[in-house]
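# Architecture at a glance
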2 protein chains.
Amino acid sequence: MVDIKAISGFPEFLPAEQIVFGQVCEIIRAGFERFGFSPIETPAVERKEILTAKGDFGREIYGLSRLGDEGEDTTDTDLALHFDLTMPLARYVAMHRDKLTFPFRRYQIQKVWRGERAQAGRYREFYQCDIDVVGRGELSVLNDAEIPSVIYHIFREMQIGQFVIRINNRKIVEGYLDHLEIPQASFFDVMRVVDKLDRVGRGQVADELTRKFALKDEIIKEILKIVSVKSSDMAVLNELEAMKVNETFAKGVAELRAVMDCIRLFNVPTDYLQVDLGVVRDLSYYTGTIYETTLTNYSEVGSICSGGRYDGLAGFFAEEALPGVGISIGLTRLVMRLIQAGILKVGAATVAPILVTMINQQEAARYLKVGSLLREAGVPTEVYFGSVSLSEQLRYAHRKGFRIAVIIGKAEIADNNVKLRNLKTGDEVICAEDEVVQQVQRIIA
Amino acid sequence: MVDIKAISGFPEFLPAEQIVFGQVCEIIRAGFERFGFSPIETPAVERKEILTAKGDFGREIYGLSRLGDEGEDTTDTDLALHFDLTMPLARYVAMHRDKLTFPFRRYQIQKVWRGERAQAGRYREFYQCDIDVVGRGELSVLNDAEIPSVIYHIFREMQIGQFVIRINNRKIVEGYLDHLEIPQASFFDVMRVVDKLDRVGRGQVADELTRKFALKDEIIKEILKIVSVKSSDMAVLNELEAMKVNETFAKGVAELRAVMDCIRLFNVPTDYLQVDLGVVRDLSYYTGTIYETTLTNYSEVGSICSGGRYDGLAGFFAEEALPGVGISIGLTRLVMRLIQAGILKVGAATVAPILVTMINQQEAARYLKVGSLLREAGVPTEVYFGSVSLSEQLRYAHRKGFRIAVIIGKAEIADNNVKLRNLKTGDEVICAEDEVVQQVQRIIA
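Residues numbered from 1 in each chain as written. Chains lettered and ligands numbered in written order. Predicted model: local features only at pLDDT ≥ 70, side-chain atom pairs only at ≥ 80, totals over all residues.

### Observations concerning the overall build of chain A
Secondary structure summary: chain A contains 16 helices and 17 strands in total. Across its three principal axes, chain A shows a C-alpha extent of roughly 90 × 60 × 50 Å. Out of the 445 residues in chain A, the part that is buried amounts to 45%. Taking the contacts inside chain A whose residues are at least 6 apart along the sequence as the reference set, 69% of them involve residues at least 24 apart. (Helix = DSSP H or I, 4+ residues; strand = E, 2+ residues; numbered from the N terminus. Buried ≥ 20, exposed ≤ 12 C-beta atoms within 10 Å, placed from the backbone. Contact = placed C-beta atoms within 7 Å.)

What follows is the structure in structure tokens.
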């Protein structure tokens, strides 16, 4: 007997949860398409040198090797599973750029893999739902502004309560770190520490900054001050504009102002938006706008969606400017947490509302015909095939969560009728076989 | 600059092709749900011992290894990518059997990976779309009969012309091989050779049987005779019943008769069905019914869907009988071949029918408002953000395949109007901004 224990970090759902997952996924997909993003998929597998082009080895990557007939590793050792959908997009755009139309707007809903150490809530395999716009040469700031409006509409439709899309510009923090005379080579590592502020608190971040970079207390105070700036009142931009720091800082503030001004044109209510200089993201490829989204009443769910602007990413793969901006929803984690928090309700284990029970297998054709009538009318329908008692079939119907059981016993057969039992109320109606579709549609409606 | 050449066997689509792929996938998904199959997904990753429980090392498996910070392989070496969805289903059912409702009917649409040597038309990463029914204890033959009817309805809806679902029972061929005194240990290997009959012809199969198993010419002739039996006329079953071979053979014929009799109840036209003793499948886990489906007018497309009954598969993972029957559509190959054969037409590179062009960025709010009106009415709409000439924006619209361009120039702004250009006919209409939704819906319809 082979051991079948679950593999930590590789989640799987039972059918009822999978149905909820599918519904959320469908809201996202339809939302992306409504804004005119086109679907693509890239292979799960890329060359290692593509995935590591940016030098990000922080996130651990799963490499592939082919098991030979002897169970030994053999060739194909230059391949690995993608850890996000942004590096593959950059490769895809560079590779197919002469066949694509720019600005290239695409969405991508796929699994990604990260070889992290197992710990609660960390997944090694999970879905990301990404939208990105990639330009050839230049890319209007209107794109940076449209992304949050797509996210706003999608999360509104999911009915997951109040949320805030927090927006920053990386140049602001970089300008400020430069102003504090922190060496440029350390910017990214300092930001990685600062990125943990919400999770671990000021004390621990300060300790880590002291230990890793030997920064003076005053400098750390200054860093923590700037990354603590956050407000839904756009007056905060006036204050930032008034600060004379340096050119990079001023450029970042100007870009942020342009993005926030444009977002208003998309009619996203201001209380769903926040300027937050603490949003620094732990990925090194962002160069301008950065986004992070959090649920107001469920802070334990953490960031549900994040992204930003990357002007140089495709530069590893093509000798021309292909600036991009995008955002990613971490779907697996989002659905898991929303189910745990009770925001998403898990219901039936079937997508079909109707179960046709089968009392008499000799009359199988009759039961199958009713199934066909309902399916042809667009009503998903299962016909029960096991030779067990009606009460056991009804138990099956209740466990799976069907809404209506069709019952055809001796009396019904004699009169060419069918009986419909509403499994929630217990109400029953008897109708002629050829009226089954209307009756079912009436009960469902 | 990092080299970005494609990886052989790992296909990816351009957006217009991806949209077609998505449409086909949606027909399959909806078809599966119409028959009351519930969705599940299993991780792409399983323990190697799960995947190799059946001992099938013929299909090569990709193992995983985590790249450490030094780019070296480290732990997690017991994990591998699944090569089909049937072994993972057996594991899933055994693992969750106390939380599932039996008979367990599920569909699963996911990528699988096979570490095959690269060759034309062989994919190392591809989608499979599976339905299976797994019983606890016993499983009615009605399930074996329903599977082809699901397939029939789905392929009809795809409008891919005439096709034939070829059905066999493995016991027939096994019984016959036994009758020919071929040792039982060689059954599977002999069937693997015979499985190539359609592709390589009688001569090559005969040669291989001689070489590998030292079979006499007479025996080979007998084998080729039995596996060449095929007919859409069910009278063929009478002939098989009349043959006195042995108990296994007779059992296989009786099971096949039961399945074919039941299929009639599902109203699948007989010319879509064929008894074909040449369908032996190269997987060792099938124990009864076997299916294979081919397009009548496009034999070069090969088998588009196959599967069968496996009574013992979950036995590797659970100490109880969990018999199953199912079928799998090789979606990636199917779509690729149907596009190549011209059966599926590749159209627009966008799912949105409408592009709102933007002549005057100062008036961005106006263009965005029109976009919002259309989206709120359920019409996917893209707003163009680049600052290029109208003619260049229209070129973009034509290249991506939008149906209507919304144009708002000086005159339209002055009168609060919008101009709609039908991009196929070139016809234009001017209407009030607040009538844009009705006008667009009229043109699209």
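### What to know about the sheet that holds strand β1 (residues 38–39) of chain A
Residues and elements named next belong to chain A. Read across the open sheet, the 9 strands follow the order β1-β5-β6-β12-β11-β10-β7-β9-β8; overall the sheet is mixed. The strands lining the two open edges of the sheet, one partner per strand, are β1 and β8 (230–231). Looking at chain direction, β1 and strand β5 (residues 104–113) are connected through 2 bridges and run parallel. By the bridge assignment for β5, Ser38 is matched with Arg106. (Pairing = 2+ DSSP bridges.)

### Examining the interface of chain B and chain A
Taken residue by residue, the interface counts 82 residues in chain B and 82 residues in chain A. Per-class residue counts for the side of chain B that touches chain A are 42 nonpolar, 18 polar and 22 charged. (Nonpolar A, V, L, I, M, F, W, Y, C, P; charged D, E, K, R; others polar.)

### Brief notes about the relation of the copies chain B and chain A
Taken as rigid bodies, chain B and chain A are interconverted by a rotation of 180° and an axial shift of 0.0 Å, the fit giving an RMSD of 0.1 Å. Overall, the copies show the geometry of a two-fold rotation axis. Taking C-alpha positions as reference, the residue of chain B nearest the rotation axis is Leu64 of chain B, located at 2.4 Å. (Least-squares fit on C-alpha atoms with pLDDT ≥ 70 in both.)

### A closer look at the sheet that holds strand β17 (residues 428–432) of chain A
Residue and element names in this part refer to chain A. If you trace the 5 strands from one edge of the open sheet to the other, you get β14-β13-β15-β16-β17, paired in mixed fashion. One side of each edge strand has no neighbouring strand; the edge strands of this open sheet are β14 (381–383) and β17. Going from strand to strand, the sheet's axes swing by 25° on average, the running direction of each strand aside. The pairing of strand β16 (residues 417–422) with β17 spans 5 bridges and is classified as antiparallel. Each bridged residue has a counterpart across the sheet, and for Leu420 the counterpart in β17 is Val429. Helix α13 (residues 364–376) rests against β13 (354–356), β14, β15 (404–407) and β16 of the sheet, and its axis sits at about 170° to β14. (Axes fitted to C-alpha atoms, helices over the stretch in contact; angles between N-to-C directions.)

### Observations regarding unusual backbone geometry
Pro103 of chain A follows Phe102 of chain A through a cis peptide bond whose omega is -5°. Note on placement: Pro103 of chain A falls in the loop between α3 (86–96) and β5. Backbone geometry at Gln159 of chain A places phi at a positive 55°, although glycine is not the residue there. Positive phi is not limited to glycine here, since Ala214 of chain B has a value of about 50°.

### Re the packing of helix α1 (residues 15–34) of chain A against helix α12 (residues 331–340) of chain A
Residue and element names in this part refer to chain A. With their axes 11 Å apart at the nearest point, α1 and α12 run at an angle of 120° to one another. The angle between α1 and α12 places the two elements in the oblique class. The element α1 and its partner α12 pack so that their crossing is right-handed. Across the interface between the two elements, Glu17, Val20, Phe21, Val24 and Cys25 from α1 touch Leu331, Val335 and Ile339 from α12. A breakdown of the residues in the contact of α1 with α12 according to their chemical character gives 7 nonpolar, no polar and 1 charged. (Parallel < 35°, antiparallel > 145°, perpendicular 65-115°, else oblique. Left-handed = near helix turned anticlockwise from the far one by under 90°.)

### Digging into the packing of helix α5 (residues 170–179) of chain A against helix α11 (residues 247–265) of chain A
Residues and elements named next belong to chain A. Look at α5 against α11: their axes get within 7 Å of each other, and the N-to-C directions meet at 160°. Classed by the angle they form, the pair α5 and α11 counts as roughly antiparallel. You can see that α5 and α11 cross each other, and the crossing is left-handed. On α11, the residues touching Arg170, Lys171, Ile172, Glu174, Gly175, Tyr176, Asp178 and His179 of α5 are Thr248, Phe249, Lys251, Gly252, Val253, Glu255 and Leu256. For the contact of α5 with α11, the residue count by class is 5 nonpolar, 4 polar and 6 charged.

### Considering helix α8 (residues 202–213) of chain A
Its 12 residues give α8 of chain A an end-to-end C-alpha distance of 16 Å, which sits within 8% of 16 Å, the value for a rise of 1.5 Å per residue. Residue Ala214 of chain A follows α8 of chain A closely and has a positive phi angle near 50°. (Expected span 1.5 Å × (residues − 1).)

### Comments concerning the domain arrangement of chain A
According to the domain assignment, chain A consists of domain 1 (15–340) and domain 2 (354–444). Here the C-alpha centre of domain 2 of chain A lies 50 Å away from the C-alpha centre of domain 1 of chain A. (Domains from an automatic or database assignment.)

### Focus on the confidence of the model for chain A
Averaged over all residues, the pLDDT of chain A is 92; the fraction at 70 or higher stands at 96%. Confidence drops under a pLDDT of 50 for residues 69–75 of chain A, and excluding neighbours within four residues, the segment shows 8 contacts in the predicted structure. (pLDDT = per-residue confidence, 0-100.)

### Re the nonpolar core
In this structure, Val93 and Val406 of chain A together with Val93 and Val406 of chain B are the most contacted members of the largest nonpolar core, which totals 257 residues. Beyond its immediate chain neighbours, meaning those up to four positions away, Val93 of chain A contacts Leu100, Phe104, Val134, Ala314 and Leu322 of chain A. (Core = buried A, V, L, I, M, F, W, Y, C linked by C-beta atoms within 7 Å.)

### Considerations on helix α12 (residues 364–376) of chain B
Relative to the 18 Å expected for 13 residues at 1.5 Å per residue, α12 of chain B spans 18 Å between its end C-alpha atoms, a close match to the ideal helical length. Phi turns positive, to about 90°, at Gly378 of chain B, one or two residues after α12 of chain B.

### A few points about the pairing of strand β9 (residues 273–276) of chain A
Residues and elements named next belong to chain A. Burial along β9 is two-sided: Leu273 and Val275 facing one way and Gln274 and Asp276 facing the other are all buried. Relative to β9, strand β7 (residues 163–169) runs parallel, the two being bridged by 3 bridges. Across the sheet, Ile165 pairs through a bridge with Leu273, a residue of β9. Bridging between β8 and β9 involves 2 bridges; their strand directions are antiparallel. Note that in β9 the partner of Lys230 across the bridge is Asp276.

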